[in-house]
Amino acid sequence: MAPDRPTLPPVQLHSDAELARDALATPLLARAARLARWAGPETRVGAGGELVEEQLPDAADVLGLTGDEDGEAYASEAWRLAVDTGLVEVEDGDDDTPGAVTAGENLALLTGGAPLDVLGIWLDGLDVVLADATAPVLDDLADVIGEDGEIDFELLDWNPEEEAEFLEGVLGNLYLLTVGEGGPGEGPVPLPALAASMIVPDDMGEPTDDVLEQVSEAMMRLDDQFRLLEPIGLVEYQPVDEALMVEEGEEPSPQIDEVDEEDVTRYGMVRLTPLGLYGVRARMQEAGVDAPAVGDLAGKGADVLLDGLAIYPETAARAETVVWLAGRDAVGAARELLGAARGADEGSPLRRLHCQQALSLVGAEAEPAVREVLDDPQLGGLARVWLAEHGAADVPAPSESMIFWLAIDTIAAQLDARGDLDELRELIEGLTGRHSGFFEAAWRVEHPATAEVLEAMGRLHPDKASAKEARKAAFKARSRAGG
C-alpha cells in the first residue's frame, strides 16, 4: 500500500539562529576564535602553519589555560582549527622564514555573518575534528616510516577509509536512535549498545566471545573519539570509567546484555547535541543520503504535505503539520487539505487519515470547509466524524454504504501507517462488533482496498469465527473485482 519508508525518519532541528549560538559557544570554536583575534604580525608559526613551541605558553595564557597541564595542547589544537577554518590566514614560510599571520575572512563572519555563515564555519571545523578522531595513534613514529620516508599505513595496520566509514556509521546509528520512534530521543545511549550496533549481527542471539572482544575494542576506540568530538559540540559524552580499564591489568570486556542500568553508565554514555543532529544530518546530505527535517514541507501544497506525511512517524507528522498550518487561513487550509485527500489511488486512505489529523489541529474554524464535503462519497464520512467530534449541530446521518466505505478506508489507512497491531485489532474488533453482518456488507463496498482490508482482518481478528468470515468475504471481493 504505502511506499516504503526511507531509512531515516525526519529530524526536528533547532532554528538556525539557535544552532549558530550553540556553535559559537562550543569550547573548541570559541578558543579558535579567541586565538584568531589575538594573533598578529608578531605571531610565529612553523612551516606547516602551526604555532611554534615558544608561542604556546602565550596562547594558553590567552585562553585562560596557564595552570592546566594540557593547556598548551588545547591551545595548539584550537590554533589548528583557526587555521583550517579560515579564521586566520598563514602565508607559506620555510624552515628559516616563518609564515606571516593575518586575520582570515571567516573571523568577521563569526560575529557579523548570518547564522548559516557561522554554521558553515562550524561544519568546516567538524570536518577537521572528525579527521583527527580517525587518525592513527603514533606512539613510535620511527616504527612506521617506510624506506621513502613516508608513513607506511600497512605497518600501522590502519585503513583511513575504513576508520572514517566506521565512525560515520556510528554517528549514523546514533542519529537514527535519536530521531527514530521508540529510541531514547534526546537521552544518552550506552556506549556498549552503540558499539554493538556496528558489530553484532542482527540475527545473532548470544554474542560470541570473539564478537564481545570486538565490541570492547570498538568501545575503547569510540571512547577516545568521543572525547575529541565533545569540544566541537557534536556530542555530550560521559567517558568510560577509567577504573574499568585497569581491572586485573587488562581492558574490560563488558557483557552488554548482563549489566544493569546503574552499571552500564560506567561504560560510557553519549548523546548527540541539537548542534550534533544538525551536523550529522548535513554530512549525510552531502553524502547523498535522504535525511528529511521537520519543516521541509512547510512551503509545499497540501497534496505534497499529505503524501509526505505517509513516511513520517506520528510525532514528526504532527510537528510537520503544525509548521505547515502556521500562517495559513484556517478555512483555506482546510479546503486545500480536503481537496488533496481525494483519490482512489493506493496512497489515498493514508492521505485521508493525515487530512483528518491535520483538521483536528485546525480546530473548529475549519467547519465551513468541512460542511462543503458532506455529500462527497470519499470525504463525507470523514466530515461527519469530524463535525461530531467538534460538537457541531445538524450533522446529517450517514448512509449505510458510507459507513462501510469509511470503515474499509479507515482500516486501509491504518494498514498503510503500519501502526500498533494491538490498536488495529481493537479497531477491527470494534467495527465488526458494532455492525451485525459486517462482512456480508463489507465485501460489496466499492473501494479499491476492500479485498486487501478483508484479508488483513482475516489475519488479525482475535475471534476465529469472525476471522474465517473475513477470509470468505475477501474471496468474494476478489471474485467480484474479477481478480
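Anyway, here's the lowdown on the structure attached to this text.

Procedures and definitions
Residues numbered from 1 in each chain as written. Predicted model: local features only at pLDDT ≥ 70, side-chain atom pairs only at ≥ 80, totals over all residues. Heavy atoms only, no water. Helix = DSSP H or I, 4+ residues; strand = E, 2+ residues; numbered from the N terminus. Buried < 20%, exposed > 50% of the residue type's maximum accessible area, 1.4 Å probe, protein only. Contact = heavy atoms within 4.5 Å. Areas by Shrake-Rupley, 256 points an atom, 1.4 Å probe, with all protein chains shown as cover. Phe/Tyr/Trp six-rings, centres within 6.5 Å; stacked < 30°, edge-to-face > 60°. Salt bridge = Lys/Arg side-chain N within 4 Å of Asp/Glu carboxyl O. Core = buried A, V, L, I, M, F, W, Y, C linked by side-chain atoms within 4.5 Å. Pairing = 2+ DSSP bridges. Axes fitted to C-alpha atoms, helices over the stretch in contact; angles between N-to-C directions. Polar contact = N/O pair within 3.5 Å; in protein donor to acceptor, adjacent residues only side chain to side chain. Parallel < 35°, antiparallel > 145°, perpendicular 65-115°, else oblique. Left-handed = near helix turned anticlockwise from the far one by under 90°. Nonpolar A, V, L, I, M, F, W, Y, C, P; charged D, E, K, R; others polar. Expected span 1.5 Å × (residues − 1). Arc of directions from axis to C-beta.

What follows covers the overall build of the protein. Helix and strand content of the protein: 23 helices and 5 strands. Considering the protein as a whole, with its 483 residues, one finds that 43% of them fall into the buried category. Within the protein, contacts between residues separated by at least 24 positions form 64% of all contacts whose residues are at least 6 apart in sequence. Here the protein displays about 24700 Å² of accessible surface, and carbon together with sulfur accounts for 48% of that area.

Applying the stated criterion across every chain yields a total of 3 aromatic pairs. Ring geometry for Phe-226 versus Tyr-237: centroids 5.4 Å apart, planes at 45 degrees, classification tilted. You can see Phe-226 sitting in helix H10 (residues 209–229) and its partner Tyr-237 sitting in strand S4 (residues 235–238), a full 11 residues away along the chain. By relative accessible area, which is 0% here, Phe-226 ends up buried.

What follows covers the pattern of salt bridges. In this structure the tally under the stated criterion is 20 salt bridges. Close ionic contact of Arg-266 with Asp-241 constitutes a salt bridge, the shortest N to O distance being 3.1 Å. Of this pair, Arg-266 sits in the loop between helix H11 (261–264) and strand S5 (269–272) while Asp-241 sits in the loop between S4 and H11; the two residues are 25 residues apart in sequence, bridging distant segments of the chain. Relative accessible area serves as the criterion here: at 31%, Arg-266 is assigned to the partly exposed category. What makes Asp-241 partly exposed here is its relative accessible area of 29%. Across the salt bridge formed by Glu-440 and Lys-476, the nearest N and O atoms sit 3.6 Å from each other. With Glu-440 in helix H21 (residues 438–442) and Lys-476 in helix H23 (residues 464–481), the pair connects residues that are 36 residues apart, well separated along the chain.

Within the secondary structure, Leu-374 sits in the loop between helix H17 (367–371) and helix H18 (380–389). Along the primary structure Leu-374 and Leu-387 are separated by 13 residues, whereas in three dimensions their C-alpha atoms are 9.9 Å apart. With near-sequence residues (within four places) excluded, Leu-374 lies in contact with Gly-380, Ala-383, Arg-384, Leu-387, Pro-396 and Met-402.

The subject of this paragraph is the nonpolar core. Counting residues in hydrophobic clusters, the biggest one holds 76 residues, and the most contacted among them are Trp-122, Tyr-175, Phe-226, Leu-234 and Val-235. Top element by residues in this core is helix H6 (residues 115–133). It accounts for 9 residues. Excluding anything up to four places from it in sequence, Trp-122 contacts Ala-23, Thr-26, Leu-29, Ile-232, Gly-233, Leu-234, Leu-275, Tyr-278 and Gly-279. One finds Leu-306, Ala-334, Leu-338 and Val-362 within the second-largest nonpolar core, a separate group that totals 35 residues.

Attention shifts here to the sheet that holds strand S3 (residues 189–190). Within the open sheet, the 3 strands sit side by side as S3-S5-S4. Their pairing is antiparallel. One side of each edge strand has no neighbouring strand; the edge strands of this open sheet are S3 and S4. Its contacts with the sheet place helix H8 (residues 160–179) against S3, S4 and S5, and it is angled at close to 75 degrees to S5.

Let us look at the side chain of Glu-163. Note that Glu-163 resides in helix H8. There is a polar contact of 3.0 Å between the side chain of Glu-163 and the side chain of Arg-221. Non-local contacts of Glu-163, meaning those with residues more than four positions away in its chain, are made with Thr-134, Trp-158, Arg-221 and Gln-225.

We now examine the packing of helix H15 (residues 330–341) against helix H16 (residues 348–362). At a minimum axis separation of 9 Å, H15 and H16 run at an interaxial angle of 170 degrees. Relative to H16, the element H15 is oriented roughly antiparallel. Note that H15 runs across H16; the crossing there is left-handed. Within the contact between the two elements, H15 uses Ala-330, Ala-334, Leu-337, Leu-338, Ala-340 and Ala-341 and H16 uses Ser-348, Arg-351, Arg-352, Cys-355, Ala-358, Leu-359 and Val-362. Residues of the contact of H15 with H16, tallied by class, amount to 10 nonpolar, 1 polar and 2 charged.

With that out of the way, let us pick up unusual backbone geometry. With the exception of glycine, most residues fall at negative phi, and the peptide bonds are largely trans. Positive phi outside glycine occurs at Asp-394, with the angle close to 55 degrees. With respect to the helices and strands, the residue Asp-394 is situated in the loop between H18 and helix H19 (400–417).

A word on the environment of Ser-15. Residue position: Ser-15 is located in the segment before helix H1 (16–25). Among the residues examined, Ser-15 registers a relative accessible area of 35% and is labelled partly exposed.

Only one face of S4 is covered, namely the face carrying Val-235 and Tyr-237; the face carrying Glu-236 and Gln-238 is uncovered. Sheet topology note: the S4/S5 ladder contains 4 bridges and is antiparallel. Each residue of the ladder has a partner; that of Glu-236, found in S5, is Arg-271.

Another point: the packing of H8 against H10. Two elements in contact, H8 and H10, have axes whose closest approach is 12 Å; the angle formed by their N-to-C orientations is 80 degrees. Between H8 and H10, the interaxial angle falls into the category roughly perpendicular. In this structure, H8 contributes Glu-163, Phe-166, Leu-167, Val-170 and Leu-171 to the contact, and H10 contributes Ala-218, Arg-221, Leu-222, Gln-225, Phe-226 and Leu-229. Here the residues of the contact of H8 with H10 sort into 8 nonpolar, 1 polar and 2 charged.

To continue, consider helix H20 (residues 421–434). Between its first and last C-alpha atoms H20 spans 20 Å; for 14 residues at 1.5 Å apiece the expected length is 20 Å, and the two agree. Burial in H20 covers these residues: Leu-424, Ile-428, Leu-431 and Thr-432. Each buried residue of H20 sits inside an arc of 90 degrees when the element is viewed along its axis, so together they form one side. Of the exposed residues in H20, the ones pointing more than 90 degrees away from its buried face are Glu-423, Glu-426, Gly-433 and Arg-434. Against H19, H21 and helix H22 (450–460) lie the buried residues of H20.

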